[in-house]
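# Remarks on the overall topology
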Amino acid sequence: MPPAPLGQPRIESDFIQICFVVEDLETAMEDYSRIFGAGPWFLYKEPPAEEDKTRYRGKATPMGTRVALGYAGDMMFELASPRPGMPSIFQEVAQRNGFGLHHLGLAVRDFDSAAAALDAAGLESLHYGVTARGARCVMVQREGAPHAIEEFIEMLPASEAFYSFMKKCAAEWDGVSLVYDGPAPSDIILK
């Protein structure tokens with residue numbers, strides 16, 4: 001990882017994901033499969049309101065976004081389709097910039113240290129969430145940065161197992177069924 005710009009925290013991380021905010025999830029899955037070979041897609045099941053830990057700009061807010069994850073080679077693609085009328089960082093970016101690149105996903109082993117470094121640098125949490133596997137994630141954008149939002153994703157054993165399973169499915173994918181609907185090992189949560 002190259003050095004961070006002056007005054008910005010350098011956080012040990014691995015680039016694992018690229019996310020695009022899309023208007024229509026089904027069309028986007030077809031397009032990204034055709035263009036990049038990504039798939040099969042794993043659909044994220046939004047948690048019930050009482051279990052949703054999502055925070056948008058520090059305020060508890062339902063996620064309000066349909067999400068699909070799929071691999072092409074070693075790169076995880078995330079497609080995020082904001083629900084109309086529901087505030088989220090995905091909706092905000094789509095309204096401001098249109099549909100397209102949203103964030104770069106960076107895996108971190110020590111989430112608490114990463115979050116503390118971001119906070120100490122005065123970087124606002126645009127989005128905070130917890131995955132079905134219990135991994136925490138936070139999105140920030142550096143002032144004047146010529147790139148997308150950064151998402152720091154906690155790497156837990158359950159996350160690594162899920163990502164490995166998705167990669168294996170991608171390597172064996174026949175390209176016919178866009179959405180994965182097969183069985184999973186007992187230690188994998190498919191949400």
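To keep things clear, this report deals only with the structure shown in the data block. (Residues numbered from 1 in each chain as written. Predicted model: local features only at pLDDT ≥ 70, side-chain atom pairs only at ≥ 80, totals over all residues. Heavy atoms only, no water.)

Across its full length, the chain carries four helices and ten strands. When the helices and strands of the chain are listed from N to C terminus, the series reads β-α-β-β-β-β-β-α-β-α-β-β-β-α. Taking 191 residues into account, the globule formula puts the C-alpha radius of gyration at 16 Å, and the chain, at 16 Å, falls close to it. Counting only C-alpha atoms, the chain reaches 50 × 35 × 35 Å along its principal axes. Within the chain, the proportion of its 191 residues that are buried is 44%. In the chain, the share of contacts with a sequence separation of at least 24, taken over all contacts with a separation of at least 6, comes to 65%. (Helix = DSSP H or I, 4+ residues; strand = E, 2+ residues; numbered from the N terminus. Rg over C-alpha atoms; globule rule 2.2 N^0.38 Å. Buried < 20%, exposed > 50% of the residue type's maximum accessible area, 1.4 Å probe, protein only. Contact = heavy atoms within 4.5 Å.)

The subject of this paragraph is unusual backbone geometry. For the peptide bond that leads from Gly 39 to Pro 40, omega is -5°, which places it in the cis range. Turning to its location among the elements, Pro 40 is positioned in the loop between helix 1 (25-36) and strand 2 (42-43). With a phi close to 50°, Arg 57 is a non-glycine residue in the positive phi region. By the secondary structure assignment, Arg 57 is in the loop between strand 3 (55-56) and strand 4 (59-60).

The next thing to look at is the sheet that holds strand 9 (residues 136-140). Taken in spatial order, the ten strands make up an open sheet running 2-5-6-1-7-10-9-8-3-4, and their pairing is mixed. Both outer strands of the open sheet, strand 2 and strand 4, are each paired with one neighbouring strand and no more. In this structure, strand 9 lies alongside strand 10 (residues 149-154), joined through four bridges in antiparallel fashion. Within strand 10, the position partnered with Val 140 by the bridge is Glu 150. In the packing of helix 1 onto the sheet, the strands contacted are strand 1 (14-21), strand 2, strand 5 (65-72) and strand 6 (75-82), and the crossing angle to strand 6 comes to about 155°. Of the strands in this sheet, strand 1, strand 3, strand 5, strand 6, strand 7 (100-108), strand 8 (127-130), strand 9 and strand 10 touch helix 2 (residues 89-97), which is tilted by about 145° from strand 7. (Pairing = 2+ DSSP bridges. Axes fitted to C-alpha atoms, helices over the stretch in contact; angles between N-to-C directions.)

Turning next to the layout of surface pockets. The volume enclosed by the largest pocket comes to roughly 520 Å³. As for the largest pocket, its lining consists of 28 residues, and the residues nearest its centre are Tyr 44, Met 63, Val 130, Thr 131 and Ala 132. Sorting the residues of the lining of the largest pocket by element identifies strand 5, strand 6, strand 8, strand 9 and strand 10 as the ones contributing at least two each. The biggest single contributor to the lining of the largest pocket is strand 8, with three residues. Of the residues belonging to the lining of the largest pocket, the class tally is 14 nonpolar, five polar and nine charged. (1 Å grid on protein atoms, 1.4 Å probe; cavity = no way out; pocket = protein on both sides within 12 Å on 5 of 7 lines; lining within 4 Å. Points joined across faces, edges and corners; volume = space filled by probe spheres on them. Nonpolar A, V, L, I, M, F, W, Y, C, P; charged D, E, K, R; others polar.)

Looking now at the environment of Ala 171. When you line up the elements, Ala 171 lands in helix 4 (residues 157-172). Distance in space between the C-alpha atoms of Ala 171 and Leu 118 is 35 Å, their sequence separation being 53 residues.

A separate point is helix 1. For helix 1, spanning twelve residues, the distance from its first C-alpha to its last is 16 Å, which sits close to the expected 16 Å at 1.5 Å a residue. Considered for burial, the residues of helix 1 that qualify are Leu 25, Ala 28, Met 29, Tyr 32 and Ser 33. For helix 1, the buried positions fall inside an angular range of 130° around the axis, keeping them on one side. Opposite the buried face of helix 1, at more than 90 degrees from it, the exposed residues are Arg 34 and Ile 35. Where the residues of helix 1 are buried, they touch strand 1, strand 2, strand 5 and strand 6. Capping the start of helix 1 is the job of one residue whose side-chain oxygen sits 3.4 Å from the backbone nitrogen of Glu 26: Asp 24. Looking one or two places after helix 1, you find Gly 37, whose phi comes out positive at around 80°. (Expected span 1.5 Å × (residues − 1). Arc of directions from axis to C-beta. Polar contact = N/O pair within 3.5 Å; in protein donor to acceptor, adjacent residues only side chain to side chain.)

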